[in-house]
Amino acid sequence: MAADENMFLKAKDRTFTGLTEDEQGEWRGPFYFIQAADPQLGLMKAWRVGDCDGGGDEWADEVRLTRQAVQAVNKLSPRPRFMVLCGDLVHAMPGMPYREEQERDLKEALEGVDPAIPLVFVSGNHDLGNTPTADTVEQYRRGWGDDYFSFCVGGVLCLVLNSQLFFDSSACPELRDAHEVWLEEQLQRAARGPRRHALVFQHIPLYLRTPDEEDDYFNLERGVRESLIKRFRQAGVKAVFSGHYHQNAGGLHDGLDMVVSSAIGCQLGTDTHGVRVVVVTGDEVVHRYCSLDQLSENGLDEDLKKLLA
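The rules we used
Residues numbered from 1 in each chain as written. Predicted model: local features only at pLDDT ≥ 70, side-chain atom pairs only at ≥ 80, totals over all residues. Heavy atoms only, no water. Helix = DSSP H or I, 4+ residues; strand = E, 2+ residues; numbered from the N terminus. Rg over C-alpha atoms; globule rule 2.2 N^0.38 Å. Buried < 20%, exposed > 50% of the residue type's maximum accessible area, 1.4 Å probe, protein only. Phe/Tyr/Trp six-rings, centres within 6.5 Å; stacked < 30°, edge-to-face > 60°. Lys NZ or Arg CZ within 6 Å of the ring centre and 35° of its normal. Core = buried A, V, L, I, M, F, W, Y, C linked by side-chain atoms within 4.5 Å. Contact = heavy atoms within 4.5 Å. Polar contact = N/O pair within 3.5 Å; in protein donor to acceptor, adjacent residues only side chain to side chain. 1 Å grid on protein atoms, 1.4 Å probe; cavity = no way out; pocket = protein on both sides within 12 Å on 5 of 7 lines; lining within 4 Å. Points joined across faces, edges and corners; volume = space filled by probe spheres on them. Nonpolar A, V, L, I, M, F, W, Y, C, P; charged D, E, K, R; others polar. pLDDT = per-residue confidence, 0-100. Pairing = 2+ DSSP bridges. Axes fitted to C-alpha atoms, helices over the stretch in contact; angles between N-to-C directions. Parallel < 35°, antiparallel > 145°, perpendicular 65-115°, else oblique. Left-handed = near helix turned anticlockwise from the far one by under 90°.

1. Observations regarding the overall build of the protein chain
The helix and strand tally for the protein chain stands at twelve helices and eleven strands. Radius of gyration (C-alpha) of the protein chain: 18 Å, near the 19 Å computed for a compact globule of 309 residues. Counting across all 309 residues of the protein chain, residues that qualify as buried make up 58%.

Written as structure tokens, this is what we have:
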């Protein structure tokens, strides 16, 4: 089997370690995973030259950074239970020049991930288009797996959402409706328990700082945001993990933690290229953004290791 086919199967495989759904639903003690976002091959050159609407004709820097992230994660001990990439895998929108080449090179860089660490892919606006269509969603599914799904690991229910359907579903209302029916079923499932926690992964943040902030390119429209926050809280969702902003942001409000992680690739603020370590214990979800250099050199911080004991 080709390496990229194996990676694709990992994205589609909801059992991860071969456990049954019932076994995965049982709490088995603390564990951790890696959240990453926005490798976005091609953006660094496009941002540098001021042509972000283009596909970006160079992406060697992003490939190098992705390989560094892979190497750092592979060295971690104990191993993370999984690694999730929260969208904008490449910069070129569907149908734009360099799209196929960027996807090919990202898959090659990710082939180095330890096979014991499942990969989870989340769709972003550059993966589907700012206004997704049935065709662009199908292209994504063929290349990276489902655009929304759920899985359980270690007693935790994880929901992977297609946030672009919250942003602009005008060209694919039938996909929005199907996503909505599925999401409601999953939130009811979370509310019924008996999972220890429920977590959400999506590309676009609900908000950057506070739930009542003004609408922005980097958050969801306020009406949509408020509805989702209410539903997530009612279902007992502990945290929402996202990217999109290319800076670290977010905040904890009324028990719901909105976690906005900066990028593996292009930085739009003062953060460094990095990923987030997320430790899940019986009572809490603790997370810390780590630079790629820091993680490569030092591994897991000692205080996080103690939470896993």
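There is more to say after this.
2. Quick look at the packing of aromatic side chains
Overall, the coordinates contain 13 aromatic pairs when judged by the stated rule. In this structure an aromatic cluster arises from ring pairing among Phe-33, Phe-82, Phe-149, Phe-151, Phe-201 and Phe-241. Seen from the ring of Phe-31, Arg-81 lies directly overhead, with NZ or CZ sitting 5.6 Å from the centre.

3. Details of the nonpolar core
Membership of the largest hydrophobic core comes to 43 residues, with the highest contact counts inside it found for Leu-110 and Val-277. The leading source of residues in this core is helix α4 (residues 60–75), at six residues. Those residues in contact with Val-277 that sit more than four places away from it in its chain are Tyr-32, Phe-33, Ile-34, Val-286, His-287, Arg-288, Cys-290, Leu-295, Leu-300 and Leu-304. If you look at the next biggest cluster of nonpolar residues, it comprises 29 residues, including Tyr-148, Leu-208, Phe-218 and Phe-232.

4. Structural notes on the environment of Ser-261
By the secondary structure assignment, Ser-261 is in the loop between β9 (256–260) and β10 (274–280). What Ser-261 contacts, discounting residues up to four positions off in sequence, is Gln-35, Ala-37, Ser-242, Gly-243, Gln-247, Asn-248 and Arg-276. One polar contact links Ser-261 to Gln-35, side chain to side chain, over a distance of 2.5 Å.

5. Things to note about empty space enclosed by the protein
Across all of its chains, the model carries two cavities of 30 Å³ or more by this definition. Considered as a void within the structure, the second largest cavity measures approximately 30 Å³ in volume. Lining the second largest cavity are Val-137, Arg-141, Asp-147, Tyr-148, Asn-162, Leu-165, Leu-175 and Ala-178. Contributing elements (two or more residues each) for the lining of the second largest cavity: α7 (134–144) and α9 (173–192). Classifying every residue of the lining of the second largest cavity by side-chain character gives five nonpolar, one polar and two charged.

6. Let's talk about the confidence of the model for the protein chain
With 92% of its residues at a pLDDT of 70 or more, the protein chain has an overall mean of 92. With pLDDT under 50 throughout, residues 1–23 is counted as low confidence; its partners more than four residues away or in other chains account for 42 contacts.

7. Some details on the sheet that holds β10
Reading across from one edge, β3-β2-β1-β10-β11 is the order of the five strands in this open sheet, with mixed pairing throughout. What marks the edges here is a single partner per strand, and that holds for β3 (119–122) and β11 (285–291). When strand polarity is set aside, the average angle formed by the axes of neighbouring strands in this sheet is 20 degrees. Where strand β1 (residues 31–36) lies against β10, five bridges are found, and the strand directions are antiparallel. The residue of β10 that forms the bridge with Phe-33 is Val-278.

8. What to know about the pairing of strand β8 (residues 249–253)
Sheet topology places β8 next to β9; five bridges connect them, and they run antiparallel. Counted as the bridge partner of Ala-249 is Val-260 from β9. Connecting β8 to the antiparallel partner β9 that follows it, the hairpin turn spans two residues, and Asp-254 within it adopts a positive phi of roughly 50 degrees.

9. Points about the packing of α4 against helix α5 (residues 99–110)
The N-to-C vectors of α4 and α5 enclose an angle of 25 degrees; their axes lie 9 Å apart at closest approach. Taken together, the axes of α4 and α5 are roughly parallel relative to one another. Crossing handedness for the pair α4 and α5: right-handed. On α5, the residues that touch Val-63, Thr-66, Arg-67 and Val-70 of α4 are Asp-105, Leu-106, Glu-108, Ala-109 and Leu-110. Classifying every residue of the contact of α4 with α5 gives five nonpolar, one polar and three charged.

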